[in-house]
Amino acid sequence: MGLSNNPNDVIPIPKFKHELDPSTIDGVDLIKEAQNERLANKTTTAPGKLYVMTELEKEANTPQINRQKLSEPEIRFATYMLETYGDNYKAMARDPKNYYQETPKAIRRKILFYQKLYNKTDASSSMDVS
């Protein structure tokens, strides 16, 4: 290429947006042209293997199994705290068995999750962070 006093004269910068767009060459929009070709080549055929579609729809409509669960130490922690302190989450946070030093709000969240999964009758009681 060589040396030049003004590189903008040698390689001009495009001034218009359509000059920057690589999909248009000489004013012809290549993307629209490709779409028109695909539409022209598209034939209307009946979909094959309808049994696959019906099986997939049936599988999608079946109810999913709840796969959430707590580990054994978390279950023991939640039952111990509930039996010992009831609804007093601040006292639970100060308990020596709170090894991970969880806050009252984090303990409350764990206990509510435990009650939702295992103790459906106690979950309806109002829980207060106090």
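Refer to the structure printed above.
All residue numbers here refer to positions counted from 1 along the written sequence of the relevant chain. Local features in this predicted model are restricted to residues of pLDDT 70 or higher, and side-chain atom pairs are both shown and tallied only at a pLDDT of 80 or more, whereas totals for entire chains, interfaces and linings draw on every residue. Excluding hydrogens and water, the side-chain figures rest on all heavy atoms present in the structure.

Topic: the overall build of the chain
Counting its secondary structure elements, the chain contains seven helices and two strands. We count a stretch as a helix when DSSP gives it H or I for four or more residues in a row; a strand needs E for two or more, and each element gets its number in order from the N terminus. Counting from the amino terminus, helix and strand elements in the chain follow one another as α-α-β-β-α-α-α-α-α. Buried residues in the chain amount to 15% of all 130 residues. A fraction of 45% describes how many contacts in the chain between residues 6 or more apart in sequence connect residues 24 or more apart. When accessible area is computed with a 1.4 Å probe and restricted to protein chains, residues below 20% of their type maximum are described as buried, those above 50% as exposed, and intermediate ones as partly exposed. In what follows, a contact means two residues having at least one pair of non-hydrogen atoms within 4.5 Å.

Here's the deal with helix H5 (residues 72-85)
Multiplying 1.5 Å by the helix residue count minus one yields the expected span of that helix. Relative to the 20 Å expected for 14 residues at 1.5 Å per residue, H5 spans 20 Å between its end C-alpha atoms, a close match to the ideal helical length. Three or more residues of H5 are buried, namely Ile75, Phe77, Ala78, Met81 and Leu82. Down the axis of H5, the sector holding all buried residues measures 160 degrees, keeping them to one side. Exposed side chains of H5 directed beyond 90 degrees from the buried face belong to Pro73, Arg76 and Glu83. Those residues of H5 hidden inside the fold are in contact with helix H6 (89-94) and helix H7 (104-117). The directions considered for the arc are those from the helix axis to the C-beta atoms.

Points about the nonpolar core
Formed by Leu70, Ile75, Phe77, Ala78, Met81, Leu82, Tyr89, Met92, Ile107, Ile111, Tyr114 and Leu117, the largest nonpolar core amounts to 12 residues. Secondary structure elements with two or more residues in this core: H5, H6 and H7. The element that contributes the greatest number of residues to this core is H5, accounting for five residues. Residues in contact with Ile107, not counting those within four places in the same chain, are Phe77, Tyr89, Met92, Ala93, Asn98 and Glu102. Among buried residues, those of type Ala, Val, Leu, Ile, Met, Phe, Trp, Tyr and Cys that are joined through side-chain atoms within 4.5 Å constitute a nonpolar core.

Examining the packing of aromatic side chains
Aromatic pairs are defined between Phe, Tyr and Trp rings, using the six-membered ring for Trp, whenever the two ring centres lie within 6.5 Å; interplanar angles under 30 degrees are classed as stacked, those over 60 as edge-to-face, and all others as tilted. On inspection of all chains with the given rule, the structure shows one aromatic pair. With 5.6 Å between their ring centres and 40 degrees between their planes, Tyr114 and Tyr118 make a pair best called tilted.

Thoughts on the pattern of salt bridges
A pair can form between side chains of opposite charge whenever their charged atoms are brought close. Here a salt bridge means any side-chain nitrogen of Lys or Arg lying within 4 Å of a carboxyl oxygen belonging to Asp or Glu. Under the counting rule described, the total for this entry stands at two salt bridges. A salt bridge links Lys110 to Glu74; the shortest N-O distance between them is 3.8 Å. A residue pair is termed long-range when its members are at least 10 positions apart, and Lys110 in helix H7 and Glu74 in helix H5 qualify at 36 residues. Given a relative accessible area of 26%, Lys110 falls into the partly exposed group.

Details of H7
Look at H7: 20 Å from first C-alpha to last across 14 residues, which is about the 20 Å you get at 1.5 Å a residue. Those residues of H7 lying buried are Ala106, Ile107, Ile111, Tyr114, Gln115 and Leu117. Packed against the buried residues of H7 are H5 and H6.

Quick word on the packing of H5 against H7
Interhelical geometry of H5 versus H7 gives an angle of 105 degrees and a closest axis separation of 10 Å. On the basis of their axis angle, the class for H5 and H7 is roughly perpendicular. For the pair formed by H5 and H7, the contact residues are Glu74, Ile75, Phe77, Ala78, Thr79, Met81 and Leu82 on the first element and Ile107, Lys110, Ile111, Tyr114 and Gln115 on the second. As a working rule, the residues Ala, Val, Leu, Ile, Met, Phe, Trp, Tyr, Cys and Pro are called nonpolar, Asp, Glu, Lys and Arg charged, and the rest polar, with Gly in that last group. Of the residues belonging to the contact of H5 with H7, the class tally is eight nonpolar, two polar and two charged. Orientation is described by lines fitted to C-alpha atoms, with helices fitted over the stretch in contact, and by angles between N-to-C directions that extend from 0 to 180 degrees. Angular relationships are summarised with four words: roughly parallel below 35 degrees, roughly antiparallel beyond 145, roughly perpendicular across 65 to 115, and oblique for the angles in between.

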